[in-house]
Amino acid sequence: MRHLMSPLDFSVEELDALFDLANDIEFHPKKYANACADKILATCFYEPSTRTRLSFESAMLRLGGKVLGFSDAGSSSASKGESVSDTIRVISSYADICAMRHPKEGAPMVAAAKSLIPVINAGDGGHQHPTQTLTDLLTIRSLKGRMNNFTIGLCGDLKFGRTVHSLIDALVRYENINFIFISPPELRIPDYIIDELKAKDIPFKEVISLDEVMPELDLLYMTRVQRERFFNEEDYVRLKDFYILKKAQMDHAKPDCLILHPLPRVNEISVEVDDDPRAVYFKQGQYGVYVRMALILTLLNIKVD
Ligand code: CP
């Protein structure tokens, strides 16, 4: 039995196979419409979500399976003090696979250790969000046609943004990726990531100004400031609008620079940018369904001819 806790749980070759499957699902959805006819997905979400929970549910329904779960810790027995270990033992009797989001770093790993079914980390605190990374990588591969030789700018809350941490982990395995970290000093990328990049001799730089680096970028990954992880509201209010990507700045971007964002967006990309063909964040959401369909099939070891 296999879980997904980090994007590194899959080798580069396994990721390629997963993305090939996701692309096949995209173009031949009918072939997969009954692949999970006798399977149930549990979505155990202890923290709010729109995309991750609903795209998992959509993925399982599109595979012909069924879904059950909760979307709020307050409506589960966690509110009575039940541990994730006990919860997953019980859920193992109700479902065949589980996607779990939790505000505490490591909680899905604790659940996986006691689970009788595959557990997928759907986001744990400020730590990792591996299925968002699968979504991001599939989007890049599908729209850029390659997974190497590019400069990527990661902009916004690089301290608390778990999607950023997971994406960097995954991208360092590909060739000739140059990272530019764009953030206010208070929301810098954590030192442990900088240390890893230095140890692997991966090129990177840290800047405050987005305008300064815009012409260099092949990909710009915007992120929101993570209000829920701040210790005080004052700091959040001071930093929340530090970056707002506007149409005028897009004039300085490369003609084929893709703008990605895991969403939800708050204010960091002006809606006037949405019509720019380089803005692919809504398309990214679509890829999220295909890749989660591929992931469910892979973890349940279901092959479709
Ligand atoms: N990208 C993402 O994780 O969105 P949700 O929080 O809506 O699931």
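Residues numbered from 1 in each chain as written. Predicted model: local features only at pLDDT ≥ 70, side-chain atom pairs only at ≥ 80, totals over all residues. Heavy atoms only, no water.

1. Some points on the overall build of the protein chain
Our working rule: Runs of E in the DSSP output that reach at least two residues are strands. Runs of H or I that reach at least four are helices, and both are numbered from the N terminus. When we talk radius of gyration, it's over C-alpha atoms, and the globule rule is simply 2.2 Å times the number of residues to the 0.38. Remark: exposure states derive from per-residue accessible area (1.4 Å probe, protein chains only) relative to the maximum for the residue type, with buried under 20%, exposed over 50%, and partly exposed in between. The contact definition used throughout considers only heavy atoms, calling two residues in contact when any of these lie within 4.5 Å. Computed by Shrake-Rupley with a 1.4 Å probe, the accessible areas treat only the displayed protein chains as cover when residues are assessed. A positive count includes Lys and Arg, and a negative count includes Asp and Glu. His and the chain ends are not counted in either. Here the site of a charge means NZ on Lys, CZ on Arg, CG on Asp, or CD on Glu.
A count of helical and extended segments in the protein chain gives 11 helices and nine strands. Here the protein chain has a C-alpha radius of gyration of 19 Å; the compact-globule value for 305 residues is 19 Å, and the two agree. For the C-alpha atoms alone, the extent of the protein chain along its principal axes is close to 55 × 45 × 40 Å. Here the protein chain, with 305 residues, has 56% of them falling under the buried criterion. Sequence-distant contacts, at least 24 apart, represent 74% of the contacts inside the protein chain between residues at least 6 apart. For the protein chain, the exposed surface amounts to about 13200 Å²; the carbon and sulfur share of it is 51%. Placing the 36 positive and 43 negative side-chain charges of the protein chain at their respective mean positions leaves the two points 4 Å apart.

2. Some points on the pairing of strand β2 (residues 66-70)
Just so we agree on the cut-off: Strand pairing is defined by DSSP finding a minimum of two bridges between the two strands.
Bridge analysis of strand β1 (residues 40-45) against β2 gives five bridges, and the strand direction is parallel. Following the sheet pairing, L41 is matched in β2 by V67.

3. So, the site of the ligand
How we decide: Here a residue is near a molecule or strand as soon as one of its heavy atoms is found within 4 Å of it. Polar contact criterion, stated in full: a pair of N or O atoms within 3.5 Å, where within protein one must be able to donate a hydrogen and the other to accept it, and residues adjacent in sequence count only if both atoms are side-chain atoms.
Around the ligand, the neighbouring residues are S49, T50, R51, T52, R101, H129, Q132, P262, L263 and P264. Within the contact set of the ligand, an oxygen atom lies 2.8 Å away from a backbone nitrogen or oxygen of T50. Between the ligand and R101 there is a distance of 2.9 Å, counted from an oxygen atom to a side-chain nitrogen or oxygen. Look at the ligand: alone it shows 260 Å² of surface, and the protein chains cover 91% of it.

4. Considering the pattern of salt bridges
To be explicit about the condition: We define a salt bridge as a side-chain nitrogen of Lys or Arg found within 4 Å of a carboxyl oxygen belonging to Asp or Glu.
In this structure the tally under the stated criterion is 17 salt bridges. The partner of D191 in a salt bridge is R188, and the shortest N-O contact between them spans 3.4 Å. For D274, the salt bridge is made with R265, and the minimal N-O distance between the two is 2.7 Å. A relative accessible area of 23% places D274 in the partly exposed class.

5. Remarks on the sheet that holds strand β6 (residues 177-182)
Quick reminder of the rule: Fitting a line to C-alpha atoms yields each axis, with helices limited to the stretch in contact; the angle taken between N-to-C directions then spans 0 to 180 degrees.
Here five strands make up an open sheet; going across it, the order is β7-β6-β5-β8-β9 and the pairing parallel. The open sheet terminates on both sides in strands that have one partner only, identified here as β7 (204-207) and β9 (258-260). On average, adjacent strands in this sheet sit at an angle of 20° to one another, irrespective of strand direction. Looking at chain direction, strand β8 (residues 219-222) and β9 are connected through three bridges and run parallel. Across the sheet, residue L220 finds its bridge partner in β9, namely I259. Where helix α7 (residues 191-199) meets the sheet, its contacts fall on β6 and β7, and the angle it forms with β7 comes to roughly 145°.

6. Points about the packing of aromatic side chains
Formally: Any pair of Phe, Tyr and Trp rings, taking the six-membered ring for Trp, is counted once the centres come within 6.5 Å. Such a pair is stacked with planes under 30 degrees apart, edge-to-face with planes over 60 apart, and tilted for the rest. By definition here, charges over rings are those cases where NZ of Lys or CZ of Arg is within 6 Å of the ring centre and within 35 degrees of the ring normal.
Within this structure, the stated rule accounts for six aromatic pairs. Between F179 and F181, the ring centres sit 5.9 Å apart and the planes meet at 20°, which makes this aromatic pair stacked. No difference in accessibility class separates F179 from F181, as the two residues are buried. Measuring from centroid to centroid gives 4.9 Å for F242 and Y243, while their planes differ by 65°, and the two rings are edge-to-face. By way of ring pairs, the aromatic residues F179, F181 and F204 are connected into one cluster. The ring of F10 has R2 lying over it, and the distance from NZ or CZ to the ring centre is 4.4 Å. In this arrangement the basic side chain of R292 is found over the ring face of F56, its NZ or CZ atom lying 5.1 Å from the centre.

7. Brief notes about the environment of A107
Looking at the secondary structure, you find A107 in helix α4 (residues 107-114). C-alpha separation for the pair A107 and N121, spaced 14 residues apart in sequence, amounts to 8.7 Å. Setting aside residues no more than four positions away along its own chain, A107 makes contact with V84, M100 and H102.

8. A short note on the domain arrangement of the protein chain
By a widespread convention, an interface's size corresponds to the accessible area lost as its parts come together. Selection criterion: Per the annotation, domain bounds derive from an automatic or database assignment of domains. We define buried area as the total accessible area lost by two parts upon association, computed with a 1.4 Å probe and summed across both.
The domain boundaries assigned to the protein chain delineate domain 1 (7-128 + 288-299) and domain 2 (131-285). Computed from C-alpha atoms alone, the centre-to-centre distance between domain 1 and domain 2 is 25 Å. Residue-level contacts link 34 residues of domain 1 with 24 residues of domain 2. Summed over both sides, the interface of domain 1 with domain 2 buries roughly 2300 Å², with 52% coming from carbon and sulfur. For domain 1, the biggest contributors to the area lost against domain 2 are F19, R51 and Q128; these three give 24% of the whole. Joining domain 1 to domain 2, the criterion identifies three salt bridges. Here D20 ties to R141 by a salt bridge, and the two come within 2.8 Å at their closest N and O atoms. Of all the secondary structure elements, the ones that give two or more residues to the side of domain 1 that touches domain 2 are α1 (12-27), α2 (51-62), β3 (97-102), β4 (119-124) and α11 (281-299).

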